[in-house]
Amino acid sequence: MIESESNVTTTNPRSKSLRTTIPPEIRKALKLEAGSKLRWYVDIENDKIVVSVEKSE
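Definitions and cut-offs
- Residues numbered from 1 in each chain as written.
- Predicted model: local features only at pLDDT ≥ 70, side-chain atom pairs only at ≥ 80, totals over all residues.
- Heavy atoms only, no water.
- Helix = DSSP H or I, 4+ residues; strand = E, 2+ residues; numbered from the N terminus.
- Buried < 20%, exposed > 50% of the residue type's maximum accessible area, 1.4 Å probe, protein only.
- Contact = heavy atoms within 4.5 Å.
- Pairing = 2+ DSSP bridges.
- pLDDT = per-residue confidence, 0-100.
- Patch = residues over 30% accessible without salt bridge, like charges linked within 9 Å, V, L, I, M, F, W, Y side chains within 5 Å.
- Areas by Shrake-Rupley, 256 points an atom, 1.4 Å probe, with all protein chains shown as cover.
- Salt bridge = Lys/Arg side-chain N within 4 Å of Asp/Glu carboxyl O.

Examining the environment of Ser56
So, point 1. Residue placement: Ser56 occurs in strand S4 (residues 48-56).
So, point 2. Since its relative accessible area comes to 19%, Ser56 is described here as buried.
So, point 3. Considering only alpha carbons, one finds Ser56 and Ile26, 30 residues apart in sequence, at a separation of 15 Å.
So, point 4. Not counting chain neighbours up to four residues away, the residues in contact with Ser56 comprise Lys37, Leu38 and Arg39.

A short note on the pairing of strand S3 (residues 37-45)
So, point 1. Relative to S4, S3 runs antiparallel, the two being bridged by nine bridges. Residue pairing across strands places Asp43 opposite Val50, the latter belonging to S4.
So, point 2. Hairpin connection from S3 to S4: two residues lie between these consecutive antiparallel strands, with Asn46 at a positive phi of about 50°.

Some details on the confidence of the model for the protein
So, point 1. Mean pLDDT over the protein stands at 91; residues scoring 70 or higher make up 100%.
So, point 2. Mean pLDDT in the protein bottoms out at strand S2 (residues 18-20), which sits at 90, and peaks at S3, which reaches 94.

Things to note about a nonpolar patch on the surface
So, point 1. A cluster of nonpolar side chains, contributed by Trp40, Val42, Ile44, Ile49, Val51 and Val53, occupies part of the molecular surface with about 630 Å² of accessible area.
So, point 2. Elements with a minimum of two residues in the nonpolar patch: S3 and S4.

Some points on the environment of Asn46
So, point 1. Locating Asn46 in the fold gives a position in the loop between S3 and S4.
So, point 2. Sequence-wise, Asn46 and Glu33 are 13 residues apart; in three dimensions their C-alpha atoms are separated by 34 Å.

A look at the environment of Glu57
So, point 1. By the element assignment, Glu57 lies in the segment after S4.
So, point 2. For Glu57, a relative accessible area of 88% gives the class exposed.

A word on unusual backbone geometry
So, point 1. At Lys31, a position not held by glycine, the phi torsion is positive, near 55°.
So, point 2. Locating Lys31 in the fold gives a position in the loop between helix H1 (24-30) and S3.
So, point 3. Positioned with a positive phi, Asp47 is a non-glycine residue whose angle comes to about 60°.
So, point 4. Tracing the backbone through its elements, the reader meets Asp47 in the loop between S3 and S4.

Shown next, in the form of structure tokens:
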């Protein structure tokens, strides 16, 4: 298991969008590069939010 932290920032003060940086360990594990697409899965299990991410083709 890889555990890491990153900061969440706004893209623009007028926007509702948020951004975060993908830590290098995760980029390497997923073999990501600029332009890669990610698929996100979010589940709530036992009052805990579990997020899974995979590289999308």
